[in-house]
Amino acid sequence: MNIIIIGAGQIGLHLARSLSGAAHDIIVIESNEKLAESSSSEIDGRVITGSGTSVELLLEAGVADSDLLFALTSSDSTNLIACKLAKELGTKKTICRVSPLLLREEWMFDYRSNFSLDHIFSSERLSAIEISKHIRNPEGIAIQEIARGRIEIQQIRIPENSSACGKSLFELNLPERVRVASIKRTERSFVPTAEEKIEPNDQVTLFGDPSRLSKTATSLRSNTEKEKGANVVILGGGEYGLSLAQMISSWNCQIRIFEKNEDHAETLAEELAGKATVIHADAASLNELREEQVGIADFFIATTQSDEDNVMTCLQAKNLGTKSCIPLIHRTDYANAVNQTKSQLGIKEVISPREVVRRELMRFITSDKYHIVKKISAGEIIETTIREKSKVAGKAVGDISLPPGSIFVAIIKGIHAKVPSATDMIEVGDTVFSIVSEEAKKSFLKLVAK
């Protein structure tokens, strides 16, 4: 593939390094001369010094013949404008990095359509999603967001005392736009029909609105026990910590955030009123950790910009009795080193924002007309944009005969995302997420991804 990367910062350079040596033509555009010079010796590709919003430089980079453009600078405006220009100049796909603030505004303004974006993401949001998996499901059962964070995937195990046992999916009468998309039963995984009955120890994959999904998951686990939320302490009220707090605030968690900047602590307290307790203190101090009884927490998550502070405070919290400690480590070499010794250090998991983003972006390194969002036991979660030649374009979901082993689980129309009902229309330009088994994949793609 012909790939252009705008920005040779932490994320852009990490992606470029990952692609070096593969069968791709890579061109990096970087405005900082020193960074451009150092980057040229680290990657197998060409580095151009200048602005990613320069039409002249984009044309020099071969944008008209490029398959994919990643706009990965730390500037929202640069990334958005670069993607818009690149699309107008002929690139096939544009992937845009933005700040969490802009992502939170997406419900008010359709950046994707107005700036010709094929995908928009925030590194802070992706890292928060990665951390949240360990909080919601400490035993490792998956949780993930799709469709711009408006739809959540959650996998739960059905206990023997669940009231759902013995009932068909139709009889469960799940909330509107919440769907059981797959079931794993012993060694068999499959996409169920409405007549399929739930059995004890089934691992069920649910899709739906995050607030509704949480209640549904709790009711399926047991009809008598109320799920207790985790006691979570977050070090750092920056965008990583704020994104995480906002994400888990609907999960019945007890959230405390340590923020040493007094003014920012006050701002956070206002923004998270009723959702989290903000503590103006330096959590690098062992006395502060003791005073705030960090040892009784289920999770201590360090999200500051300092890798050293994140690791050391996690070690202190673990020594005080915190059950699970998760540091955010920005430098990849540090992350790898700590990850290799995490069990000896008492660290549950190491989160590397660079690596989280790299994994997210690598799924676009394909010439196919679809993207594999995630592989699950029942098959793959596939994302595709409906084109004019698609056989499902202009049809209602209920009128589409999907191959057995496939199901629509989410649809994006403009700035709106939802789990589709039978009456929803599939139209050209819509983005559709589906679960597709290996057996159904060929037939499904012929039908949908033309």
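Residues numbered from 1 in each chain as written. Predicted model: local features only at pLDDT ≥ 70, side-chain atom pairs only at ≥ 80, totals over all residues. Heavy atoms only, no water.

Asks: Help me understand the overall build of the protein chain in this model?
Replies: In terms of helices and strands, the protein chain carries 17 helices and 23 strands. Taken against the 2.2 N^0.38 rule, which gives 22 Å for 450 residues, the C-alpha radius of gyration of the protein chain at 23 Å falls within 12% of a compact globule. Overall, the protein chain is about 65 × 65 × 40 Å in size when its C-alpha atoms are taken along their principal axes. Here the protein chain holds 450 residues, and 54% of them are scored as buried. Counted over contacts in the protein chain with a minimum sequence separation of 6, partners at least 24 positions apart contribute 63%. Element-wise, carbon and sulfur atoms account for 47% of the exposed surface of the protein chain, whose accessible area totals about 20,100 Å². The protein chain carries 54 positive and 61 negative side-chain charges, and their two centres are separated by 7 Å. (Helix = DSSP H or I, 4+ residues; strand = E, 2+ residues; numbered from the N terminus. Rg over C-alpha atoms; globule rule 2.2 N^0.38 Å. Buried < 20%, exposed > 50% of the residue type's maximum accessible area, 1.4 Å probe, protein only. Contact = heavy atoms within 4.5 Å. Areas by Shrake-Rupley, 256 points an atom, 1.4 Å probe, with all protein chains shown as cover. Lys, Arg positive; Asp, Glu negative; His and termini not counted. Charge placed at Lys NZ, Arg CZ, Asp CG, Glu CD.)

Asks: Even after reading the chapter, I still don't get the packing of aromatic side chains, so can you show me in this structure?
Replies: The geometry of an aromatic ring pair comes down to the distance between the two centres and the angle between the two planes. Overall, the coordinates contain 3 aromatic pairs when judged by the stated rule. When the ring of phenylalanine 109 is compared with that of tyrosine 111, the centres are 4.8 Å apart and the planes differ by 75 degrees; the resulting orientation is edge-to-face. Consider the rings of phenylalanine 408 and phenylalanine 444, whose centres lie 6.3 Å apart with planes at 65 degrees: the pair is edge-to-face. Here the residue phenylalanine 408 occupies a position in strand β20 (residues 406-413), and phenylalanine 444 occupies one in helix α17 (residues 441-448), the gap between them amounting to 36 residues. Of the two residues examined, phenylalanine 408 and phenylalanine 444, each falls in the buried class. Connected via pairs of aromatic rings, a cluster forms that spans Phe109, Tyr111 and Phe115. (Phe/Tyr/Trp six-rings, centres within 6.5 Å; stacked < 30°, edge-to-face > 60°.)

Asks: What should I look at first to understand the pairing of β20 in this one?
Replies: Counting buried positions over the 8 residues of β20 gives 7, a clear majority of the element. Alignment of β20 against strand β21 (residues 416-418), held across 3 bridges, turns out to be antiparallel. Across the sheet, residue lysine 413 finds its bridge partner in β21, namely histidine 416. (Pairing = 2+ DSSP bridges.)

Asks: Just checking my understanding: could you explain the layout of surface pockets for this structure?
Replies: By rolling a water-sized probe across the atoms, one finds the places where empty space is left. Put simply, the second largest pocket is a space of about 710 Å³. Lining the second largest pocket are 28 residues, with Val178, Arg179, Val180, Ala194 and Ile407 sitting closest to its centre. Elements that contribute at least two residues to the lining of the second largest pocket include exactly α8 (169-172), β9 (179-185) and β20. Looking at the lining of the second largest pocket element by element, the count peaks at 3 residues for β20. For the lining of the second largest pocket, a count of residues per class yields 19 nonpolar, 6 polar and 3 charged. (1 Å grid on protein atoms, 1.4 Å probe; cavity = no way out; pocket = protein on both sides within 12 Å on 5 of 7 lines; lining within 4 Å. Points joined across faces, edges and corners; volume = space filled by probe spheres on them. Nonpolar A, V, L, I, M, F, W, Y, C, P; charged D, E, K, R; others polar.)

Asks: Before we go on, may I ask you to explain unusual backbone geometry in this structure?
Replies: Only a minority of non-glycine residues have a phi that is not negative, and only a minority of peptide bonds are not trans. Despite not being glycine, arginine 177 shows a phi value in the positive range, around 65 degrees. In this fold, arginine 177 is placed in the loop between α8 and β9. Positive phi outside glycine occurs at glutamine 293, with the angle close to 55 degrees.

Asks: Explain the environment of glutamine 246 to me, please; I cannot follow it from the model alone.
Replies: As for its placement among the helices and strands, glutamine 246 is situated in helix α10 (residues 239-248). As for glutamine 246 and leucine 272, which are separated by 26 residues in sequence, their C-alpha atoms are 7.7 Å apart. Not counting the four nearest positions on each side in its chain, glutamine 246 is found in contact with Arg104, Glu271 and Leu272. At 3.4 Å, the side chain of glutamine 246 forms a polar contact with the side chain of arginine 104. (Polar contact = N/O pair within 3.5 Å; in protein donor to acceptor, adjacent residues only side chain to side chain.)

Asks: Quick question: what am I supposed to make of the sheet that holds β21 here?
Replies: Where strands meet in a sheet, backbone hydrogen bonds hold them as pairs that are either parallel or antiparallel. With antiparallel pairing, the 5 strands of this open sheet are ordered in space as β17-β18-β23-β20-β21. Both edges of this open sheet fall to β17 (371-376) and β21, since each of them pairs with a single strand only. Within the sheet, the average angular offset between the axes of one strand and its neighbour, ignoring direction, is 20 degrees. Looking at chain direction, strand β18 (residues 379-385) and strand β23 (residues 431-436) are connected through 6 bridges and run antiparallel. Counterpart to threonine 385 in the pairing with β23 is threonine 431. Seen against the sheet, α17 touches β17, β18, β20 and β23 and runs at an angle of roughly 10 degrees to β18. (Axes fitted to C-alpha atoms, helices over the stretch in contact; angles between N-to-C directions.)

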